[in-house]
Amino acid sequence: MEKLIVDTDGKLTIPPEIIKKRGLQPGDELSLIESDEGLLVYQGGVDEKTRSWWNSLTQDQRQMAELEARRYESLSEEEKNRMWSDDVESTETETEGDEIDLRAK
Amino acid sequence: MTSGPNSVLFDKGVIRRVYERRVRLAAGNPPTILQIEASNCYARICKLTDRLYITEQTSNILRLRPKIFAEPFLADLQSLKKARYLRRWARRLKDFSFSPEDAIILAYGSFGFDLEKQTVGVDMIVTTDQGLEKNYFRNFDQIEKRFKDMILNLPEPYKDLRLPRVITTATVLTGI
């Protein structure tokens, strides 16, 4: 992990070896992620898994994905939330019938 | 983080954000910071281990989504089954002010069963919920004591079970 020092103008200097390693150029955009745990400087672009998925798609599949994506993006936040909500699994004793009993080896 | 996890359970919020990051890419829209964070975390963890899990509920939700987006997740991630006592442990976790949903995901972390590999529990639960991480961390000693008391009285195969670590996507990115 590299330590960055904030100067009096609030600017940060990225060590030259990191600039070289990451191929950063003047004008490149970096994202600053703020969370309760701290700050994270993130180099934009697409992560490896997402890129690999996208690259694996044919032209037809990309068109289909775009269509589905636009449909999803047109939904309200409430509609998306409903789509991702499932009945919360019950914790009651009487629902324990679907649990798998482990056997001693 | 001292060593990488061998097995990881992603909560629904993480999978949703990674899914939505891909949706944004396909739609040609810029992702949100939280989607970037979850996607980077997901990609990083996928490099560390292939024992990657979701709960049955998350799997069911993904199965209802368009295949073009859902199938890669269902290929990467195994759905954990519920081993006996999962719900009993979830009920006890609710005593520590966890919501029913949080209690269930935590219980999967100890009593989630991989049918194929015949293993139980995971090393780490990754979540987007900072409240869950904090509450777990704050009460960990008491939770651990309660867990040990419970498994002490259970039959042989359950005596070796353990508690997972709970960590947010942001912590994964800053800590690994």
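About the cut-offs
Residues numbered from 1 in each chain as written. Chains lettered and ligands numbered in written order. Predicted model: local features only at pLDDT ≥ 70, side-chain atom pairs only at ≥ 80, totals over all residues. Heavy atoms only, no water. Helix = DSSP H or I, 4+ residues; strand = E, 2+ residues; numbered from the N terminus. Buried < 20%, exposed > 50% of the residue type's maximum accessible area, 1.4 Å probe, protein only. Contact = heavy atoms within 4.5 Å. Core = buried A, V, L, I, M, F, W, Y, C linked by side-chain atoms within 4.5 Å. Polar contact = N/O pair within 3.5 Å; in protein donor to acceptor, adjacent residues only side chain to side chain. Pairing = 2+ DSSP bridges. Patch = residues over 30% accessible without salt bridge, like charges linked within 9 Å, V, L, I, M, F, W, Y side chains within 5 Å. Areas by Shrake-Rupley, 256 points an atom, 1.4 Å probe, with all protein chains shown as cover. Salt bridge = Lys/Arg side-chain N within 4 Å of Asp/Glu carboxyl O. Buried area = accessible area lost by both parts, 1.4 Å probe. Nonpolar A, V, L, I, M, F, W, Y, C, P; charged D, E, K, R; others polar. Expected span 1.5 Å × (residues − 1). Arc of directions from axis to C-beta.

Novice: Please clarify how the overall build of chain B should be interpreted in this entry.
Specialist: Helix and strand counts for chain B come out as nine helices and eight strands. Projected onto its principal axes, the C-alpha coordinates of chain B cover approximately 55 × 30 × 30 Å. Here chain B holds 176 residues, and the buried ones make up 59% of them. Nonlocal contacts in chain B, meaning residues at least 24 apart in sequence, comprise 77% of its contacts between residues at least 6 apart.

Novice: Which parts of the structure should I look at to understand the nonpolar core?
Specialist: One recurring pattern in soluble globular proteins is that nonpolar side chains are buried together. By size, the foremost hydrophobic cluster in this structure holds 36 residues, and its most contacted members are Phe10, Ile15, Phe69 and Val126 of chain B. For this core, the element with the highest residue contribution is helix α1 (residues 12–27) of chain B, accounting for seven residues. Sequence-distant contacts of Phe69 of chain B, that is, excluding residues within four places in its chain, are made with Trp53, Ala65, Glu68 and Ala69 of chain A together with Tyr19, Arg22, Val23 and Ala26 of chain B. Core analysis: the second largest hydrophobic core is formed by 34 residues, Leu9, Leu86, Phe111 and Leu161 of chain B among them.

Novice: Just checking my understanding: could you explain the environment of Thr55 of chain B for this structure?
Specialist: Residues and elements named next belong to chain B. Locating Thr55 in the fold gives a position in the loop between β2 (51–54) and α3 (56–63). Judged by relative accessible area, which is 5%, Thr55 ranks as buried. Here the alpha-carbon distance between Thr55 and Asp11, two residues 44 residues apart in the chain, equals 7.5 Å. The contacts of Thr55, once residues within four sequence positions are left out, are Leu9, Ser79, Ile105 and Tyr108. At 3.2 Å, the side chain of Thr55 forms a polar contact with the side chain of Thr58.

Novice: What am I meant to see in the sheet that holds β2 of chain B here?
Specialist: Within a beta sheet, neighbouring strands are joined by backbone hydrogen bonds and run either parallel or antiparallel to one another. Residue and element names in this part refer to chain B. Spatially, five strands are ordered β3-β2-β1-β7-β8 in an open sheet, and the strand pairing comes out parallel. Pairing within the sheet leaves two strands with one partner each, and these edge strands are β3 (78–79) and β8 (165–168). The sheet contact formed by β2 and β3 spans two bridges and is parallel. Considered in β3, the bridge of Tyr53 is made with Gln78.

Novice: Could you clarify how one ought to interpret the sheet that holds strand β4 (residues 81–82) of chain B in this entry?
Specialist: Residues and elements named next belong to chain B. The antiparallel open sheet is built from three strands, whose spatial order is β4-β5-β6. Both edges of this open sheet fall to β4 and β6 (119–120), since each of them pairs with a single strand only. Of the pairings in the sheet, the one linking strand β5 (residues 112–114) to β6 comprises two bridges and is antiparallel in character. If you follow Asp114 over to β6, its bridge partner there is Thr119.

Novice: I would appreciate a short explanation of a nonpolar patch on the surface in the present structure.
Specialist: Residue and element names in this part refer to chain A. On the surface, Leu4, Val6, Leu12, Leu30, Leu32, Leu39 and Val41 cluster together into a nonpolar patch covering about 590 Å² of accessible area. If you list the elements that add at least two residues to the nonpolar patch, you get β1 (30–35) and β2 (38–43). Tracing the sequence through the fold places Leu4 in the segment before α1 (16–22).

Novice: How should I be thinking about the interface of chain A and chain B in this particular structure?
Specialist: How big an interface is tends to be reported as the loss of accessible area on association of its parts. Contacts between the two partners involve 49 residues from chain A, matched on the other side by 62 residues from chain B. Buried area between chain A and chain B, summed over both chains or domains, comes out near 4900 Å², and the portion from carbon and sulfur atoms is 60%. Among the salt bridges present, the one from Glu99 of chain A reaches Arg87 of chain B, with a minimum N-O distance of 3.5 Å. The interface formed by chain A and chain B holds 17 residue pairs in polar contact (both at pLDDT 80 or more) in total. Those elements that provide at least two residues to the side of chain A that touches chain B are β1, β2, α2 (48–56), α3 (59–73) and α4 (77–84) of chain A. In the side of chain A that touches chain B, the residues fall into 18 nonpolar, 11 polar and 20 charged.

Novice: Honestly, the environment of Pro72 of chain B in this entry has me stumped. Any pointers?
Specialist: Structurally, Pro72 of chain B is set in helix α4 (residues 67–76). A relative accessible area of 21% means that Pro72 of chain B is categorised as partly exposed.

Novice: Would you take a moment to explain α3 of chain A for this structure?
Specialist: One turn of an α-helix holds 3.6 residues; hence residues three or four places apart share an orientation. Spanning 15 residues, α3 of chain A covers 21 Å between terminal C-alpha atoms, matching the ideal 21 Å at 1.5 Å per step. Residues Ala65, Ala69 and Tyr72 of chain A constitute the buried set of α3 of chain A. Buried residues in α3 of chain A, looked at end-on, bunch into an arc of 60 degrees, giving them a common side. With respect to the buried face of α3 of chain A, the exposed residues turned more than 90 degrees away are Gln59, Asp60 and Leu67 of chain A. In this structure, the buried side of α3 of chain A is in contact with α2 and α4 of chain A together with α1 and α4 of chain B.

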